Amino acid sequence: MKKNIYQPVKAVIEEVIEETRTIKTFRIKPEADFSFATGQFIELTIPGIGEAPFTPSSDPGIKDRFDLTIMKAGEITTKLHTMNKGDAVGIRGPFGIGYPLPKFKGRDILIVGGGVGLAPLRSLLFSLFSQINEYNKIVLRYGARTQGDIVYKSQIPEWQKKDRVDLLLSVDIGDDSWSGNVGLVTTILNNAAIDFTKAVGIVCGPPIMMKFVTLKLLDLGIKPEDLYLSMEKSMSCGVGKCGHCRIGKFYACKDGPVFTYDKLKDMHDIWD
Amino acid sequence: METYFLKNEDISRFYDRIASEYDLYLPLKVKNPIKKDCSCQAVASLPTDDYVLKRYTKDSNLEFVFNDYRCIEPTRAFFTQYKEELCTYFAETSTKEKKERPQALCGIKNCDLFALKVQDYVFLGGAEPDPIYKTRRENTLIIASDCPNFKEVCFCRAFNINPYPTEDFDINLSPLNNGFLVDVATAKARSIALALKDIFSQATLGQISGRAAKRELLVRRLDEHLTQYKIPQKETLRDIVISGYNSTIWQDQMRTCVECNGCVFICDTCHCFLLSDEPNNDNSKRLRLWDGCLLKNFTKVAGGANPLKLRYMRLRNRYLKKFDFFISNLGFQACCGCGRCIEVCPGKIDIRYILRKLHEEKYLPTS
């Protein structure tokens with residue numbers, strides 16, 4: 001039988017982990033073989049409702065299941081948030097190009113996440129951790145709106161303990177129980193003890209955060225070709241045919257979803 | 001490629017032979033009595049009738065004709081339907097291969113063939129071809145034909161596309177004297193010609209040069225018609241659209257847009273679609289619907305952000321897609337000069353005018 005690129009493979013929700021009031025992590029077990037490279041995305045089908053694109057947040061080294069960390073935002077995600085362990089979903093993919101890990105070897109890696117944007121970055125962190133001696137320093141800077149909006153709360157302390165890892169959090173609005181930095185994530189970028197001009201920068205978060213982090217990192221000396229940005233676009237097919245996710249001469253689904261800034265810098269309105 | 005001559009009186013045998021193997025679609029004339037409101041004699045003399053492709057059957061009493069120019073509807077509608085089921089999912093019995101009868105499309109013009117190259121790039125290219133498009137494309141016999149005339153909106157020649165096909169067809173018909181020259185280009189076409197060898201005579205040199213003269217005359221007439229529009233040359237299209245990013249033309253032109261998206265859906269090079277699911281007991285359906293970048297929610301994401309929230313941004317995006325994206329990736333523009341979008345627009349938004357303005361703003365700036 002001819003392969004139909006639009007037909008999803010059945011998968012089952014194995015576990016639902018509540019991260020914040022609006023964000024849940026879904027552990028998904030596909031019924032067919034499935035693997036992905038960190039940074040690639042999948043199309044998740046809610047049966048009879050439709051599809052939406054998400055980047056797995058788990059370790060790509062784990063082959064039989066993967067995690068999706070998803071914020072309740074639109075029709076698909078609202079429905080997904082009502083679903084439970086044992087419910088069936090569908091997946092297509094993986095699509096797009098992952099992070100080029102070999103290019104990161106021996107270098108300082110500065111990872112900046114905002115809100116639920118930490119999801120794809122967690123997958124990247126797991127990949128880096130699995131060969132941690134291959135890299136120089138791994139710096140993670142993560143910003144969330146409030147303490148209650150921080151994802152992966154139970155895992156972050158473990159990451160902090162690792163050698164070579166420098167991890168700082170910031171919240172936009174603090175309270176008495178928060179002892180960390182208060183302010184936008186851009187306020188905790190300068191203090192990384194790395195040579196920015198030789199480092200790799202990786203950013204994922206809401207568009208407004210991406211914009212200001214990008215400007216700040218360029219200011220600190222990161223080269224445009226070393227700055228990896230996750231571009232959020234409306235996507236439907238995942239294979240460069242439906243036309244929704246065009247960015248200049250690229251499609252986010254097949255040429256991205258991660259782009260280095262040198263490819264985007266001359267384009268208009270990339271942050272809209 | 002072999003060229004034969006087929007007499008007018010034998011054309012129905014030709015059609016019947018094709019219809020025995022294919023679902024054959026032939027042009028029907030749609031009378032369009034509304035004359036253009038134009039004082040210009042040259043324009044008033046141009047034809048206003050239209051053509052649509054309808055299924056031919058031997059006993060049908062429809063009056064099929066030879067179309068003098070392209071049909072109303074885009075050819076792509078024969079390869080991706082406006083709304084169609086792509087697959088079902090999860091039930092054990094899902095996705096039966098639906099067998100479609102091969103189709104033969106007659107009256108396809110060179111602008112349509114040019115547009116088909118864009119559709120092929122999208123649906124056959126990339127890492128994975130679209131299985132439905134691929135099957136249909138392989139199962140389609142293309143019977144192209146010369147344009148002996150043109151409509152007021154035709155502007156293929158502005159992009160050096162000729163009003164007569166020379167490649168990318170199975171068969172091409174060129175009307176000549178009391179019959180047609182028939183170019184036979186592929187194996188599929190050869191088997192038809194072989195079966196009809198009693199009515200196919202070898203084309204003479206005189207007939208071939210007669211056709212060349214007719215073609216040349218039509219090209220000259222069309223070029224003359226196009227001079228008034230000052231459409232920029234295709235080599236400049238990408239530059240003028242990019243440099244016109246901040247032009248006021250986008251806002252100016254969108255004043256009369258009623259957001260019907262007629263231009264998108266009638267366009268033969270447009271290809272965008274949306275996957276949409278329908279519940280159906282345990283066997284949900286996945287549909288493909290044509291989508292259009294002039295529709296408000298085309299680029300809206302779940303969080304509510306919409307990079308193309310204003311109408312003028314969407315018009316500009318459409319031109320960037322056609323003249324930047326495609327020229328950068330495919331090497332030529334996604335516009336075949338068929339003029340369907342001009343004809344369909346209730347707001348009189350005219351691609352010829354927009355391109356001319358963009359060109360003038362770049363190369364003839366007013367001080």
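Residues numbered from 1 in each chain as written. Chains lettered and ligands numbered in written order. Predicted model: local features only at pLDDT ≥ 70, side-chain atom pairs only at ≥ 80, totals over all residues.

Student: It is not clear to me how helix H10 (residues 311-330) of chain B should be interpreted in this structure. Could you clarify?
Tutor: Note on helix geometry: an α-helix contains 3.6 residues per turn, so any two residues three or four positions apart are oriented the same way. Residues and elements named next belong to chain B. A rise of 1.5 Å per residue sets the reference length of H10, with its 20 residues, at 28 Å; its end C-alpha atoms lie 27 Å apart and thus fit the reference within 8%. Residue lysine 321 marks the point of greatest curvature in H10, where the axis turns by about 35°. Phi turns positive one or two residues past the end of H10, at glycine 331, with a value near 95°. (Helix = DSSP H or I, 4+ residues; strand = E, 2+ residues; numbered from the N terminus. Expected span 1.5 Å × (residues − 1). Bend = angle between axes of the 7 residues up to and from the residue.)

Student: Whenever I open this one, the sheet that holds strand E1 (residues 2-7) of chain B confuses me. Can you help?
Tutor: In a beta sheet, neighbouring strands pair by backbone hydrogen bonds and run either parallel or antiparallel. Residue and element names in this part refer to chain B. Pairing within the open sheet is mixed, and its eight strands lie in the order E3-E2-E5-E6-E7-E8-E1-E9. Looking at which strands have only one partner, the edges of the open sheet turn out to be strand E3 (50-55) and strand E9 (201-202). Two strands pair when backbone bridges link them, and strand E2 (residues 23-30) and strand E5 (residues 103-108) are joined in this way by three bridges, in the parallel orientation. The residue of E5 that forms the bridge with leucine 24 is alanine 104. Strands in contact with helix H5 (residues 187-195) are E1, strand E6 (140-145), strand E7 (171-176) and strand E8 (179-184); relative to E8, the strand with the most contacts, it is inclined by about 135°. Each of E1, E7 and E8 is contacted by helix H6 (residues 205-226), which is oriented at about 85° to E7, the strand it contacts most. (Pairing = 2+ DSSP bridges. Contact = placed C-beta atoms within 7 Å. Axes fitted to C-alpha atoms, helices over the stretch in contact; angles between N-to-C directions.)

Student: What is the right way to read helix H3 (residues 110-124) of chain B from this model?
Tutor: Residues and elements named next belong to chain B. When the terminal C-alpha atoms of H3 are compared, their 20 Å separation across 15 residues agrees well with the 21 Å that a helix rising 1.5 Å per residue should span. Of all 15 residues in H3, eleven are buried; the element is thus mostly enclosed. Residues Asn110, Cys111, Asp112, Leu113, Phe114, Ala115, Leu116, Val118, Gln119, Val122 and Phe123 constitute the buried set of H3. Two residues or fewer after H3 comes glycine 126, characterised by a positive phi angle close to 75°. (Buried ≥ 20, exposed ≤ 12 C-beta atoms within 10 Å, placed from the backbone.)

Student: Explain the domain arrangement of chain A to me, please; I cannot follow it from the model alone.
Tutor: Accessible area lost during the coming together of the parts is what is often quoted as the interface size. Residues and elements named next belong to chain A. For chain A, the domain assignment lists domain 1 (9-95) and domain 2 (101-230). Its C-alpha centre places domain 1 at a distance of 24 Å from the equivalent point of domain 2. In this complex, domain 1 contributes 15 residues to the contact, which on the side of domain 2 involves 13 residues. (Domains from an automatic or database assignment.)

Student: Sorry if this is basic, but what is going on with the interface of chain B and chain A here?
Tutor: Facing the 38 residues of chain B at the interface are 37 residues of chain A. Elements that contribute at least two residues to the side of chain B that touches chain A include exactly strand E4 (83-89), H3, strand E10 (273-278), strand E11 (284-290) and H10 of chain B. Take the side of chain B that touches chain A: its biggest share by element is six residues, from E10 of chain B. Grouping the amino acids of the side of chain B that touches chain A by side-chain chemistry returns 20 nonpolar, nine polar and nine charged. (Nonpolar A, V, L, I, M, F, W, Y, C, P; charged D, E, K, R; others polar.)

Student: For this particular structure, what's the right way to read the environment of asparagine 280 of chain B?
Tutor: Tracing the backbone through its elements, the reader meets asparagine 280 of chain B in the loop between E10 and E11. As for asparagine 280 of chain B and tyrosine 312 of chain B, which are separated by 32 residues in sequence, their C-alpha atoms are 39 Å apart.

Student: I'm lost on the sheet that holds strand E2 (residues 23-30) of chain A in this one. Help?
Tutor: Residues and elements named next belong to chain A. With antiparallel pairing, six strands are arranged side by side in an open sheet as E4-E3-E6-E1-E2-E5. The open sheet is flanked by strand E4 (50-54) and strand E5 (66-71), the only strands paired with a single partner. Neighbour-to-neighbour, the strand axes of the sheet open up by a mean angle of 40°, direction not taken into account. Sheet topology places strand E3 (residues 41-46) next to E4; five bridges connect them, and they run antiparallel.

Student: What is the right way to read the pairing of E5 of chain B from this model?
Tutor: Within a regular beta strand, the side chains point alternately toward one face of the sheet and then the other, so they alternate between its two faces. All names here are of chain B. Where burial is concerned, most of E5 is hidden: five out of the six residues are buried. Pairing analysis gives five bridges linking E5 to E6, with the strands arranged parallel. The residue of E6 that forms the bridge with alanine 104 is leucine 141.

Student: Would you mind showing me how to read the pairing of E10 of chain B here?
Tutor: All names here are of chain B. Here six bridges tie E10 to E11, and the two strands are oriented antiparallel to one another. Residue pairing in the sheet places leucine 274 in a bridge with leucine 289 of E11. Count of turn residues in the E10/E11 antiparallel hairpin: five residues, of which asparagine 281 carries a positive phi of about 50°.

Student: Please clarify how the nonpolar core should be interpreted in this entry.
Tutor: Generally speaking, a soluble globular protein has its nonpolar side chains buried in company with each other. Within the largest apolar cluster, 164 residues are counted, with the highest numbers of intra-cluster contacts made by Ile109 and Ile111 of chain A together with Ala104, Leu105, Ile143 and Val182 of chain B. Counting only domains with at least three residues in this core, you end up with domain 1 (9-95) and domain 2 (101-230) of chain A. Excluding residues that lie within four positions of it along the chain, isoleucine 111 of chain A makes contacts with Leu121, Leu124, Val139, Leu140 and Ile202 of chain A. (Core = buried A, V, L, I, M, F, W, Y, C linked by C-beta atoms within 7 Å.)

Student: Just to check I follow, could you spell out unusual backbone geometry for this structure?
Tutor: Across the chain, the bulk of peptide bonds are trans and the bulk of non-glycine residues have phi less than zero. Residue and element names in this part refer to chain A. Glycine 93 connects to proline 94 through a cis peptide bond whose omega is 5°. Residue position: proline 94 is located in strand E6 (residues 88-95). In the segment running from glycine 256 into proline 257, the intervening peptide bond is cis, with an omega of 5°. Within the secondary structure layout, proline 257 lies in the loop between helix H6 (252-255) and strand E15 (258-260). Non-glycine residue arginine 164 carries a positive phi angle of around 70°.

Student: Help me understand the environment of leucine 315 of chain B, please; the structure alone is not making it clear to me.
Tutor: All names here are of chain B. Mapped onto the elements, leucine 315 comes out in helix H10. The class for leucine 315 is buried, based on 22 C-beta atoms found within 10 Å. Along the primary structure leucine 315 and glutamine 251 are separated by 64 residues, whereas in three dimensions their C-alpha atoms are 8.7 Å apart. Setting aside residues up to four positions removed in sequence, leucine 315 forms contacts with Trp250, Gln253, Met254 and Leu294.

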